[in-house]
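In case you want the letters, here they are:
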Amino acid sequence: MSEISGASALLSALEREKVEYIFGLPGGANLPIYDALVDSKIRHILVRHEQSAAHMADGYARIKRKAGVCFATSGPGATNLVTGIATAYADSAPIVAVTGQVALPMIGKDAFQEIDIIGITNPCTKYAFQPRHASEIPEMVKKSFYIAESGRPGPVLIDIPKDIQQQVTKIDFPEYIKVRGYNPAVDPDLSEINKACEMLLKAEKPVIMAGGGVILSGAFSELQALAELLTIPVVTTFKGKGAFPENHHLALGPIGMHGHAEANRMILEADCIMAIGARFSDRTVGRFDEFGKDINVIHFDIDPAEIGKNKAVNAAVIGDVKSSLRTLIKMIPKTFKSDEEVSKQWLNRKKELVSYYEDTLKDYSREITAKKALKKLREILPADGIVTTEVGQCQMWASLHFDVITPGTFFSSTGLGTMGFGFPASIGAKAARNNVPVVDIAGDGSFNMTENSLAVSVLEDLPVIVFILNNYMLGMVAQWQRTFYNRRYSGVHQKNTPDYCKIAEAYGAQGIRVQSMEELEKAIKTAVNSNIATVIDIPIDPNEDVYPFVAPGTGLKDMVVGA
Amino acid sequence: MIFMYNKPIFTNNSNTALYILSVIVENKPGVLFRITNLFRSRNFNIESITVGITEKPDLSRMTITTKSDVKTLEQLVKQLRKTIDVIQVNVLDKENAVYRELALIKMNARDPTTRIEIANFASIYRGNIMDISNETITVELIGTPDKIDAFKNLVSSYGIIQVARTGVSALARGAINDEL
Ligand SMILES: Cc1ncc(C[n+]2csc(CCOP(=O)(O)OP(=O)(O)O)c2C)c(N)n1
Ligand SMILES: [Mg+2]
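Criteria and thresholds
- Residues numbered from 1 in each chain as written.
- Chains lettered and ligands numbered in written order.
- Predicted model: local features only at pLDDT ≥ 70, side-chain atom pairs only at ≥ 80, totals over all residues.
- Heavy atoms only, no water.
- Core = buried A, V, L, I, M, F, W, Y, C linked by side-chain atoms within 4.5 Å.
- Buried < 20%, exposed > 50% of the residue type's maximum accessible area, 1.4 Å probe, protein only.
- Domains from an automatic or database assignment.
- Contact = heavy atoms within 4.5 Å.
- Buried area = accessible area lost by both parts, 1.4 Å probe.
- Salt bridge = Lys/Arg side-chain N within 4 Å of Asp/Glu carboxyl O.
- Helix = DSSP H or I, 4+ residues; strand = E, 2+ residues; numbered from the N terminus.
- Polar contact = N/O pair within 3.5 Å; in protein donor to acceptor, adjacent residues only side chain to side chain.
- Donors = N, O, S within 2.8 Å, 3.2 Å for Na, K, Ca; no water.
- 1 Å grid on protein atoms, 1.4 Å probe; cavity = no way out; pocket = protein on both sides within 12 Å on 5 of 7 lines; lining within 4 Å.
- Points joined across faces, edges and corners; volume = space filled by probe spheres on them.
- Nonpolar A, V, L, I, M, F, W, Y, C, P; charged D, E, K, R; others polar.
- Near = heavy atom within 4 Å.
- Areas by Shrake-Rupley, 256 points an atom, 1.4 Å probe, with all protein chains shown as cover.
- Axes fitted to C-alpha atoms, helices over the stretch in contact; angles between N-to-C directions.
- Parallel < 35°, antiparallel > 145°, perpendicular 65-115°, else oblique.
- Left-handed = near helix turned anticlockwise from the far one by under 90°.
- Pairing = 2+ DSSP bridges.

## Some thoughts on the nonpolar core
Residue and element names in this part refer to chain A.
Next up, step 1: The biggest cluster of nonpolar side chains holds 53 residues, and the ones touching the most others in it are F23, F447 and V535.
Next up, step 2: Here this core spans two domains, and each of domain 1 (3-170) and domain 3 (370-546) adds at least three residues to it.
Next up, step 3: Among all residues touching V535, those that are not within four sequence positions of it are F447, L454, V466, I468, Y500, A504, Q510, G511 and I512.
Next up, step 4: Core analysis: the next-biggest nonpolar cluster, separate from the first, contains 36 residues, L14, V69, A134 and I137 among them.

## Notes on the interface of chain B and chain A
Next up, step 1: Listed as interface residues are 23 residues of chain B and, on the opposing side, 22 residues of chain A.
Next up, step 2: Summed over both sides, the interface of chain B with chain A buries roughly 2000 Å², with 47% coming from carbon and sulfur.
Next up, step 3: The interface formed by chain B and chain A contains 3 salt bridges.
Next up, step 4: With a shortest N-O distance of 2.9 Å, E26(B) and R180(A) are connected by a salt bridge.

## Focus on the pattern of salt bridges
All names here are of chain A.
Next up, step 1: Taken as a whole, this structure holds 36 salt bridges over all chains when the rule is applied.
Next up, step 2: Of the charged contacts, one joins K241 and E246 as a salt bridge, the two residues approaching to 2.7 Å between their closest N and O atoms. Per residue, the accessibility class of K241 equals that of E246, and both read buried.
Next up, step 3: Of the charged contacts in the structure, one is a salt bridge between E290 and K557, with a shortest N-O distance of 3.3 Å. Here K557 lies in the segment after β20 (534-539) and E290 lies in the loop between α12 (282-285) and β13 (296-301), a separation of 267 residues in the sequence.
Next up, step 4: Residue K557 is classed as partly exposed on the basis of its relative accessible area, which comes to 47%.

## Brief notes about the side chain of S92(A)
Residue and element names in this part refer to chain A.
Next up, step 1: Here S92 shows up in the loop between α4 (76-90) and β5 (95-101).
Next up, step 2: On the basis of relative accessible area, S92 is assigned to the buried category, the value being 5%.
Next up, step 3: A polar atom in the side chain of S92 sits 3.0 Å from the side chain of R152.
Next up, step 4: Contact partners of S92, with chain neighbours within four places excluded, come to R152, P153, G154 and L216.

## Points about the coordination of the magnesium ion (ligand 2)
In a perfect tetrahedron of four donors around a metal, the angles come out at 109.5 degrees. In a perfect octahedron of six, they are 90 or 180 degrees.
All names here are of chain A.
Next up, step 1: Coordination of the magnesium ion (ligand 2) by the protein is provided by D444 (OD), N471 (OD1) and M473 (O), with metal-donor distances spanning 2.0 to 2.2 Å.
Next up, step 2: Spacing between the donor residues of the magnesium ion (ligand 2) along the chain follows D-x26-N-x1-M. Each member of the pair, N471 as well as M473, carries the same accessibility label: buried.

## Here's the deal with empty space enclosed by the protein
Next up, step 1: Throughout the structure, instances matching the rule amount to 1 cavity of 30 Å³ or more.
Next up, step 2: Broken down by class, the residue content of the lining of the largest cavity amounts to 5 nonpolar, 1 polar and 3 charged.

## Let's talk about the domain arrangement of chain B
All names here are of chain B.
Next up, step 1: When its domains are assigned, chain B resolves into domain 1 (17-92) and domain 2 (98-172).
Next up, step 2: Taken over C-alpha atoms, the centre of domain 1 sits 28 Å from the centre of domain 2.
Next up, step 3: Domain 1 puts 9 residues into the contact, and the matching count from domain 2 is 8 residues.
Next up, step 4: A combined buried area of about 580 Å² lies between domain 1 and domain 2, and 69% of that area is made up of carbon and sulfur atoms.
Next up, step 5: The largest contributions to the domain 1 side of the interface with domain 2 come from I20, T50 and L92, which together make up 52% of the buried area.
Next up, step 6: The interface formed by domain 1 and domain 2 includes 0 salt bridges.
Next up, step 7: At the boundary of domain 1 and domain 2, one finds 2 residue pairs in polar contact (both at pLDDT 80 or more).

## Comments concerning the site of ligand 1
Residues and elements named next belong to chain A.
Next up, step 1: Q393, G445, S446, M473 and G475 are the nearest of the 17 residues found near ligand 1.
Next up, step 2: The side chain of D444 places a nitrogen or oxygen atom 3.1 Å from an oxygen atom of ligand 1.
Next up, step 3: Between an oxygen atom of ligand 1 and a main-chain N or O atom of M476, the distance comes to 2.8 Å.
Next up, step 4: Across the complex, the protein chains shield 76% of the 590 Å² of accessible surface that ligand 1 would expose by itself.
Next up, step 5: Listing elements by their share of the shell around ligand 1, those giving two or more residues are α16 (393-401), α18 (444-450) and α20 (475-484).
Next up, step 6: Of the residues in the shell around ligand 1, the class split is 8 nonpolar, 8 polar and 1 charged.

## Some words on the packing of helix α3 (residues 50-64) of chain A against α4(A)
Residue and element names in this part refer to chain A.
Next up, step 1: Running from N to C, α3 and α4 cross one another at 30 degrees; their axes reach a closest spacing of 6 Å. What the angle tells us is that α3 and α4 run roughly parallel. Pair α3 / α4 crosses with right-handed handedness. In this structure, α3 uses E50, Q51, A54, H55, D58 and R62 to contact α4, whose residues at the interface are G77, N80, L81, T83, G84, I85, T87 and A88.
Next up, step 2: Classifying every residue of the contact of α3 with α4 gives 4 nonpolar, 7 polar and 3 charged.

## Regarding the pairing of strand β1 (residues 17-26) of chain B
Side chains on a regular strand alternate between the two faces of the sheet.
Residue and element names in this part refer to chain B.
Next up, step 1: Within β1, 8 of the 10 residues are buried, leaving the element largely enclosed by the surrounding structure.
Next up, step 2: Here 10 bridges tie β1 to strand β3 (residues 59-68), and the two strands are oriented antiparallel to one another. Paired with V25 across the two strands is S60, which belongs to β3.
Next up, step 3: With 6 bridges connecting them, β1 and strand β4 (residues 86-92) associate as antiparallel partners.

## Quick look at the pairing of strand β9 (residues 206-210) of chain A
Next up, step 1: Counting buried residues in β9(A) gives 5 out of 5 residues, a clear majority hidden from the surface.
Next up, step 2: Of the two faces of β9(A), the one holding P206(A), I208(A) and A210(A) and the one holding V207(A) and M209(A) are both buried throughout.

Below, the structure written as structure tokens:
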């Protein structure tokens, strides 16, 4: 066996993990890695800011359902990654971040560009490694992918001192690894599945609440089979949006702070709630003490620590939700037939709510509104097109008015709510699946934060569509200031700057500003059919609020549907 | 008492109580940091924590005492189990565990009769005099935290100058095997 450097070992180990893309940016402390990259088959995508590298790896991971990889140098390169790592952590997205570190003998000396990145990212990484010898690298890489992708996925950091990157030594590549103390595959408890099954069969007004876990485990067909078999209406969490086709007759869309009104209502009237891969977050359930009170709540999740964390439940099934759902479906007696009268009543209630709120929540008259724009986008975008979002009103409107048809084609920064996530993440998604159009439903403010990724989209031939719902306003903050601070606006005006078409053009992308629905339709068609990054600038009313709204600290029953 | 993943064991008691956790972890750098950081970021209240190597050189045992209610305890155990370097977590039942703490207590003792009194108390508590000077006396005490508290109360009138306590170390009794 010949001797190789730690840096070459890193790249070989990544190749063995079938890594296609590395999103990153070099610096002093990872020069040896970048040198080894020259000889590697893996495609490197040079970002303009490391935060975007982490978001791209995240977007790639969410579509590919495989860890995305990002590189940064020590010090400021590493700290720039932190927001991206935290975003991935909050949404259980698997990424492997590789940072350069100052040489081992310099660690602890406050050396130039030395920062304790393992310490900084401790609360937002699933695990972190720092090799002390180059020979440890292959095993650490293999473990990183295993930890990042298995169980409840999440980010893993490998912090490699520069001298270890340079160290030339005999290096083995292990075929198998074992992480003692890490047991992500728990076999579900059959008696709990049975309990859940009985609760569902006897429920008259059941609702399924599908969370991000359904998407992470790819349990789309299982979810649909269960819902159809027992005629159960399906709401989702925001993270679970698109776990279930939103044009299905049982679909109600997301619940929560800006959930669909009929979904928020329906879950309040349920006599049994089955949460699948969801964590009962405050944004989703409103008040923990009111949600699902006095009724049977069933919880399927892969993470034992989620059981009972926010909500005490009556049946808890721990394990991969795809296989748990399969077991549950098998348990339903072949002879079982739901009482048609009962389920008809429940489905009628759904229809009643949908049409009631359709009338209550009429879009108001303006040539272009967010709602109209998003409905138009849905009309034109192919069903398997991928959509991600930025953060703010734009995100909530996307949740409300853009129906996901093909499961697993929508994602957003739902946990951390990171402005600037959507655009680089959409580029990552495009890298993962380049045969479908990818759209970032953006706010003007959010797009500002990572718009320099236009360079990446253009130069790396990863064209995406940025769909800016432009109110030249940090709109969601403005809405809160209108609602809770007596219209005292503070720090929310973007003052007609910048000109997004010129920004696009400056990077070699195409920019289209639209003034009418007709122009919008044309612009979307142009964007979908062209293979160049396109920014569509869509002016909307800066004073429009997102409704429905469940104010923080209140319950879903306190939902406000309009001003 | 051993927590199962699927079943919450404590259902009866919702008030706070002192619990002893015996935690087997990888004996390598950074583990203690990860665990203490977990306590801080999740707002768990820790009374004491001790760490030492086990019979296997690559494993350490942490003994953690925490005052919490059952629900918080359950979360603490689950979060610890989720931590990758944590191999095993057991909640020890007082009845089925031996647990001890060591304390060094330095007191004012200028007056010879005081020194004799303290020495007497110490021997009643099976403590040892570790240091004695014209001004102070230092007693070493091994026992349950209650016993150490009781001794502290007893001698508080003499003026306690310094206290160093190790925190509780504990093992399950008899053949209860909490090891892998
Ligand atoms: C990095 C970051 N900073 C601040 C916030 C707080 N915040 C939430 S929404 C929002 C406004 C977003 O503005 P824009 O992207 O234009 O979307 P809009 O609400 O106008 O649709 C802000 C500042 C955030 N979520 N993320
Ligand atoms: Mg805006």
